[in-house]
Amino acid sequence: MEKLSQSNWEFETISKHTQDILLIVDQQQIVRFATPSMESILGYHPEEFIGENAFDPLFPEDRDRLMASHREAIATGEPRVDEYRVFHKNGELKYFESRVMPVQNHPDHLIVVAIRDITTRKRMESELERRKDRYQELQNSLKNYSQDLSKVMKLSELKIRLLNELNIIIPDAKPQIIIYNREQQSTQGEYHAKQPSDFSGLNVGKLQEENDQIYILIGDRKEWAYILTIKASAMKESMDTIWLETLVYYTIMVFESLLVIESLMDQLETALQKSEKPQWILRLMFNLSEKQRMELSSDLHDTVLQDQMALFRNLESIIKEYRFDSEVDQQLREIVQGLLDTIHQIRMTCNELRPPLLREAGLISALENLFDYTQVSSTFKIGFTTGNTAGLELNEEETLGIYRVVQELLNNAAKHSQAANLHFHIERRDEHIHLCYSDDGKGFASDKLTPSFSSMGLSGMRERIRSLNGSIEFQSEPGKGLEVSLQIPISSKVNPF
């Protein structure tokens with residue numbers, strides 16, 4: 001009798017103080033017993049629930065699945081673990097995890113159900129998944145935006161691309177570019193956004209908030225200041241702000257580059273309208289382009305890449321130091337993998353902007369590295385031979401010029417040629433460097449080889465080689481592939497830029 005009393009005391013203590021819900025349910029799904037925790041967790045007093053169908057509060061889409069699980073537990077006598085959604089008495093939707101244990105050899109086929117409220121955990125997992133998706137969206141946005149900027153040649157194009165990206169990623173931002181005349185202290189056009197109280201207080205690239213508006217000075221063009229403004233309340237998270245700062249950073253770099261180019265082109269516009277671009281102009285344009293690529297590559301490597309690597313190391317350290325649920329741990333590892341992919345993509349972008357080994361190892365080694373890298377992801381086979389190139393020394397303009405032409409030929413082969421085999425041959429003859437290229441692709445009509453034809457990068461290759469005082473010829477017919485032959489004089493001067 002004393003043991004029975006002790007047992008009853010222990011059971012009563014457990015049932016009154018457990019933080020989980022304990023139920024006893026019979027074969028007809030009727031609740032026979034419920035612990036007092038039912039009221040604190042689900043809003044029902046135990047007496048309200050006893051005698052009712054245990055599955056009535058369940059979310060309709062989960063009810064049939066849980067009823068089937070209940071029947072299977074009774075039929076097999078084996079315990080079951082399920083997750084599902086339940087309506088609180090006040091109508092709130094909550095997430096539960098139940099562990100079901102059949103009572104062996106009971107005539108009413110009773111089961112004991114231990115129910116744990118996992119709403120907080122599920123919300124954290126959902127938030128983690130949302131943040132992971134948002135992070136990936138922002139990373140993809142920066143990747144696509146930075147790639148698109150290479151095609152931007154006018155401030156108007158830059159403005160459209162910037163505003164379009166902001167409208168897509170921050171839908172409620174209502175972005176605008178305010179063009180402010182510093183001399184006349186007036187704006188050009190009308191704007192729905194409030195204007196800052198002090199235009200002179202804005203610094204390039206710095207976010208300044210005022211009256212629920214964020215103002216960022218993109219740059220100055222003569223007396224005109226270009227100012228980006230968006231709604232501050234549209235920036236919901238810190239990662240959105242970091243994304244915006246990076247986006248603005250890319251934009252400012254291109255803005256400054258375009259100012260240099262546009263200033264030069266404005267001065268030469270009349271001369272260039274009716275004649276072919278002079279060699280020195282082409283050379284200047286390509287040098288400026290390469291300089292900007294070098295600076296962008298260096299900035300990406302020293303800022304964005306280092307930030308991503310630091311974030312990767314911190315997250316990896318957290319995963320090693322702390323234990324998480326398997327599902328959360330898997331999501332964190334997916335984020336780590338996403339960071340690794342982003343780091344790899346940034347490194348690839350840096351290498352494309354500033355090809356590795358060019359300065360250190362020279363043209364031949366750099367091309368061998370490029371061919372090996374391209375071969376991994378290409379369907380065509382690349383052959384490469386050289387002649388009389390031992391001790392070859394080219395200045396940086398010549399090295400980059402040939403390297404960029406080879407890059408364009410590889411790009412065209414991947415996009416257009418449908419070739420199975422590509423062959424490159426480089427040879428030094430009579431103080432000239434000669435490059436011959438051929439493929440067995442589908443070729444194209446001869447009218448596309450005229451200087452006026454600008455598709456497939458042919459005109460860009462022509463201008464690149466002409467800027468180096470060289471010559472280039474293309475030969476192709478439908479079904480007979482493409483042949484390219486070029487030569488440039490080898491300069492006796494090293495002319496880095």
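Residues numbered from 1 in each chain as written. Predicted model: local features only at pLDDT ≥ 70, side-chain atom pairs only at ≥ 80, totals over all residues. Heavy atoms only, no water.

The subject of this paragraph is unusual backbone geometry. One non-glycine residue, N105, lies in the positive phi region at around 60°. Of note, N105 is situated in the loop between β4 (93–102) and β5 (111–117). The backbone of K174 shows a phi angle near 50°, a positive value even though the residue is not glycine. Turning to its location among the elements, K174 is positioned in the loop between α6 (155–169) and β6 (176–181). (Helix = DSSP H or I, 4+ residues; strand = E, 2+ residues; numbered from the N terminus.)

Formed by 45 residues in total, the largest nonpolar core has its most connected members in L158, L166, L228, I230, W243 and L244. Residue assignment for this core shows that the elements contributing at least two residues are α5 (119–149), α6, β6, β9 (213–221), β10 (224–231), α7 (238–273), α8 (279–321) and α9 (326–353). Here the element with the most residues in this core is α7; it accounts for ten residues. (Core = buried A, V, L, I, M, F, W, Y, C linked by side-chain atoms within 4.5 Å. Buried < 20%, exposed > 50% of the residue type's maximum accessible area, 1.4 Å probe, protein only.)

Next up on the list: the confidence of the model for the chain. Residues at a pLDDT of 70 or more form 83% of the chain, whose mean pLDDT is 82. Within the chain, the element-level pLDDT minimum falls on helix α1 (residues 2–17), averaging 56, and the maximum on strand β13 (residues 432–439), averaging 94. (pLDDT = per-residue confidence, 0-100.)

Quick look at helix α12 (residues 396–417) now. Over its 22 residues, α12 runs 30 Å from end to end, which matches the ideal 32 Å to within 8%, given 1.5 Å per residue. When you tally the buried positions in α12, you get 16 out of 22 residues, the bulk of the element. Between the side-chain oxygen of the N-cap and the backbone nitrogen of E397 there are 3.1 Å, and the N-cap of α12 in question is N395. (Expected span 1.5 Å × (residues − 1). Polar contact = N/O pair within 3.5 Å; in protein donor to acceptor, adjacent residues only side chain to side chain.)

The next thing to look at is the packing of α5 against α6. With their axes 11 Å apart at the nearest point, α5 and α6 run at an angle of 170° to one another. If you check the angle between α5 and α6, you find them roughly antiparallel. Together, R134, E137, L138, S141, N144, Y145, D148 and L149 of α5 and L158, R161, L162, E165 and I169 of α6 make up the contact between the two elements. Residue composition of the contact of α5 with α6, by class: six nonpolar, two polar and five charged. (Axes fitted to C-alpha atoms, helices over the stretch in contact; angles between N-to-C directions. Parallel < 35°, antiparallel > 145°, perpendicular 65-115°, else oblique. Contact = heavy atoms within 4.5 Å. Nonpolar A, V, L, I, M, F, W, Y, C, P; charged D, E, K, R; others polar.)

On the secondary structure map, H70 appears in helix α4 (residues 60–76). For H70, a relative accessible area of 5% translates into the label buried. Non-local contacts of H70, meaning those with residues more than four positions away in its chain, are made with V25, D26, Q27, Q29, F55 and I111.

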